[in-house]
Structure formats: C-alpha cells, structure tokens
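Residue-level structural notes
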Amino acid sequence: MESESESGAAADTPPLETLSFHGDEEIIEVVELDPGPPDPDDLAQEMEDVDFEEEEEEEGNEEGWVLEPQEGVVGSMEGPDDSEVTFALHSASVFCVSLDPKTNTLAVTGGEDDKAFVWRLSDGELLFECAGHKDSVTCAGFSHDSTLVATGDMSGLLKVWQVDTKEEVWSFEAGDLEWMEWHPRAPVLLAGTADGNTWMWKVPNGDCKTFQGPNCPATCGRVLPDGKRAVVGYEDGTIRIWDLKQGSPIHVLKGTEGHQGPLTCVAANQDGSLILTGSVDCQAKLVSATTGKVVGVFRPETVASQPSLGEGEESESNSVESLGFCSVMPLAAVGYLDGTLAIYDLATQTLRHQCQHQLLWEAGTAVVYTCSLDGIVRLWDARTGRLLTDYRGHTAEILDFALSKDASLVVTTSGDHKAKVFCVQRPDR
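Here's a quick rundown of the structure.

Parameters at a glance
Residue positions are counted from 1 within each chain, in the order its sequence is given. Selection of residues for local features in this predicted model requires a pLDDT of at least 70, selection of side-chain atom pairs for listing and counting requires 80 or more, and totals for whole chains, interfaces and linings are taken over all residues. Hydrogen atoms and water are omitted, and side-chain values are computed over all heavy atoms in the structure. For two strands to pair, DSSP has to find at least two bridges joining them. Put simply, DSSP H or I for four residues or longer makes a helix, DSSP E for two residues or longer makes a strand, and each gets a number counted from the N terminus. The convention used is that axes are lines fitted to C-alpha atoms, helices contributing only their stretch in contact, and that angles between N-to-C directions extend from 0 to 180 degrees. Put simply, two rings from Phe, Tyr or Trp (the six-membered ring, in Trp's case) pair if the centres are within 6.5 Å, and we call them stacked under 30 degrees between planes, edge-to-face over 60, tilted for the rest. Our definition puts a charge over a ring when NZ of Lys or CZ of Arg is within 6 Å of the ring centre and also within 35 degrees of the ring normal. Salt bridge criterion: a side-chain nitrogen from Lys or Arg within 4 Å of a carboxyl oxygen from Asp or Glu. Burial classes follow relative accessibility: with a 1.4 Å probe on protein chains only, a residue under 20% of its type's maximum area counts as buried, one over 50% as exposed, and anything between as partly exposed. For our purposes a nonpolar core is just a set of buried Ala, Val, Leu, Ile, Met, Phe, Trp, Tyr and Cys residues, chained together by side-chain atoms within 4.5 Å. For this analysis, residues touch if any pair of their heavy atoms sits within 4.5 Å.

1. Looking at the sheet that holds strand β24 (residues 320–325)
Within the open sheet, the four strands sit side by side as β24-β25-β26-β27. Their pairing is antiparallel. Each having just a single partner strand, β24 and β27 (350–355) make up the two edges of the open sheet. Averaged over neighbouring strand pairs, the angle between their axes works out to 20 degrees when direction is ignored. In this sheet, strand β26 (residues 341–345) lies alongside strand β25 (residues 331–336) in antiparallel orientation, the contact comprising five bridges. Residue V334 lies in a different strand from β26, and its bridge partner there is A342.

2. Some details on the sheet that holds strand β16 (residues 218–223)
Spatially, four strands are ordered β16-β17-β18-β19 in an open sheet, and the strand pairing comes out antiparallel. Each end of this open sheet is capped by a strand with a single partner; those strands are β16 and β19 (248–253). Neighbour-to-neighbour, the strand axes of this sheet turn through a mean angle of 20 degrees, independent of strand direction. In this structure, β16 lies alongside strand β17 (residues 229–234), joined through five bridges in antiparallel fashion.

3. Topic: the packing of aromatic side chains
Per the stated rule, a full pass over the model turns up 10 aromatic pairs. By way of ring pairs, the aromatic residues W170, F172, W199 and W201 are connected into one cluster. Over the face of the ring belonging to F211 we find K209, whose NZ or CZ atom lies 5.9 Å from the ring centre. Across the ring face of Y234, the terminal group of R240 is positioned such that the distance to the ring centre comes to 5.2 Å.

4. Digging into the pattern of salt bridges
For side chains bearing opposite charge, pairing can occur when the charged atoms are close. Under the defined criterion, the tally for this structure stands at 10 salt bridges. For E125, the salt bridge identified is with R120, shortest N-O distance 2.3 Å. The class for E125 is partly exposed, based on a relative accessible area of 42%. We classify R120 as partly exposed; its relative accessible area is 29%. Taking the shortest distance from any N to any O, the salt bridge between R392 and D390 comes out at 3.6 Å. Put simply, R120, D123 and E125 are held in one network by salt bridges that share partners.

5. Here's the deal with the nonpolar core
Counting residues in hydrophobic clusters, the biggest one holds 17 residues, and the most contacted among them are L158, V160, W170, L189, W201 and V203. Breaking this core down by element, the ones donating at least two residues are β9 (148–153), β10 (157–162), β11 (167–173), β12 (177–182), β13 (188–193) and β14 (197–202). In terms of residue count, the dominant contributor to this core is β12 (three residues). L158 has contacts with T151, G152, W170, S171, F172, A174, L177, M180, L189, A191 and W201, leaving out every residue within four places of it along the chain. In this structure, A284, L286, A332 and V334 belong to the second largest nonpolar core, which totals 15 residues.

6. Quick word on the pairing of β26
Of all five residues in β26, five are buried; the element is thus mostly enclosed. Side chains of β26 alternate between two faces, with L341, I343 and D345 and A342 and Y344 buried alike. A loop of four residues connects β25 with β26, the two strands running antiparallel in sequence, and G339 in this loop sits at a positive phi of about 100 degrees. Bridge count for β26 against β27 is five bridges, and the pairing is antiparallel. Residue pairing for β27: Y344 is matched across the bridge by L351. Joining the antiparallel neighbours β26 and β27 is a turn of four residues, in which Q349 adopts a positive phi near 55 degrees.

These figures capture arrangement, not role.
In structure tokens:
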C-alpha cells in the first residue's frame, strides 16, 4: 500500500496520507473482451456512442477533501464509541469507502480480506457482497447515477454490479491496479495500471479505450469536471492531460515542469481550470489545465532549504500524500508524509495554516473534518483553528473516510476491520 511513516511516531501527530475533495461534484476503441487482458494495440475502433454530456449533474458532488491514512495498526485505542452504526463483516483491514452520490444512503467498502460489500448506512444492513475478488480490494465506487457499483483489487480484477438487481454485469482483468474512478456524467469507468496504461470502458457493454503512457505505472488519475479530459500522473514524474474523446495527450509535463519522483496524487478545482499534483519529491505543483503550464509550486518549510537530489539519490522525503482545493475559498490543502497538513492561499501562494491531521472540507462552510492514525474524527473551525468536537470509536487507524452531501454523516474505515457511521451534530444545524 502507501509509504509508511516511522512506527514510533506519536499518536497525536499521525502521518498524513491521501486526500480527495468533496466540493461540488473518443477515438474510442471497441473490442470483444476475452478472459485475459488484451494487448492495448488491438483496441482500434471508435466508441462513438458514449455521450459524456448526456447527463448534467443536478447538483454538485459536494466534493471535500478526503484523506486515507497509512496501513498498520497503531496499538490499542479502546475507549468510548460515538458511532451510530458499525459494519463488521470484513475480517481484515478495510481500505476504502464510497457513498452512493444520488441518495447517500448506501456505502461500498473494500478490504484486505479480498471482499467488498454494499450496505445501508442507516442500520448497517448488508445489501450484497461483491464476490469473486482474488486480492485486496483497494478501489470501490458508485457510478454518477448510483445505478452501478465498481470494485477493483490489487491484481487488476475489476467488477461492476447493478445495484438494484445485485447482479454482476461486467468484469475485466487489467494489469496491477493503481487507481479507479467513474466518469462524472456517463456509465464510463477509468483505471490506471502498473504497465503505464490508463483504461476507459463503457459499462456494461465493455467498449474500451486505452491511453498509453510511459513504460511505468500510472500512479494516480482524475477526470476533470468537464468530463472531457483527465489528468494522469506517472511513476517517472511526468503528468499528462488527456483528451478522452480523441485519445491523445493535450499537455505533457516532464523534466523541470514535471516532478522529480513518482506522482502520488492529483486533484482539480471546481471548474477544472487548475490542477494540483503531488509527488514523493516533496513538491505540490499548481498547473493551469488550459495551458499545461506550472503556475505555482508548494513545498513544506522543513525541506525547502534542502539541496536538489542528484540522479539516483533517494530522498528521505516528506512526500506529498494528499491534496485538494477548497470549494468556497481560494485555498489549497497539501498533506505530507510526516503528518503535516499545509493550507495555502492560492492568490498569494503563501502558507496560511498548518496542522497535523488529514482533512475533508464541508461544502459551503469553513468547517474542516479530519481523521488520522489515532482513529479519531475531528471537526475544526478553519477560520480560527478551534477544535469544535471529536468522534471516537475505532480501535485502530482510520484508512479512509467519506462525508455525506449534507455533512450530517461521516463514514470511516479502519485497520480494526470495521467501518463506522458517525452522526455529526453541530449547534448551527
């Protein structure tokens, strides 16, 4: 999984891993799929019938920042349990969680036990198991209209189920899976693999397109809000902005414009005009999606004065593990491996705040939610830095979490083999 911090790190300053943002959320080649992974060179026909604009979102995705801490159990954290619901069918660490975007009444979780489950948030009742995986399930998510749910394991086996019938409708075996994401407006699934390819499928008929990157893993990716482009980061430090219809790169950032180490995360702002990229080289780069030019570079103060690494040298770097944009203020957040979360002012490109927890913004407010390896969910007032409240219940590190659209529920997954639903109560509600 992710890079791990020193095992002796204090529980009150847990390492920070991954962040996604909940704010307002071809030529296509057509192939007959066979049981084995096809050669991308064989995928040669245009998938004309995918209309990326066929459904406009009725409302925003309410994207906020979501962070995924590292693996590994951090001792015993027995104590009070403030959760409303506990889902306990996993038999190992639960790596990922996603909520259905239409109603926010269902969750899908995947774990180290090679299992994924779709279950109800209100009472934890199991709807169905996404069976058949052969490795840890590290990616899971619902389609834009909540009718389909996809799960992916580390070996590259992806499966899609129809939610209402609970039936598997599609599967595909690609290379080792790095990331997976649904298109924001169409039944189209994208994934990046260790062979450098980014795949795009129309589900459930399986029409397929590949975007061939360099000969190294496509480590992270994100579909931009317009649904027509995607940004993908690679292990060699390069960044490509792809035209999803034409199948060609619009911009390629490499050398000094790219990163000097593998990409770890990418994010886009609400209108898709700006992209943030993070890497093990300790830098986060602000990129114009229109011009493909770097317009800002953020580095943690602790490494800003370090000399540049020579070729072949490895940094004991404070790598960027998560990042995202605020949807209501011109702010960006960058999470580093040492547990530092830095909030930057985009206009001045200066550090505005710094704290020690991974975070998620509540849409339309200045309230920030954080989770960490100490297993605690915290709510902060971002204007003052004041802790509003916290929620406890996990007995191990939190590995992923999601916030409902109305910010009334936080759903967490943990190394304690459980997923929990916390009801957020604030005086201003």
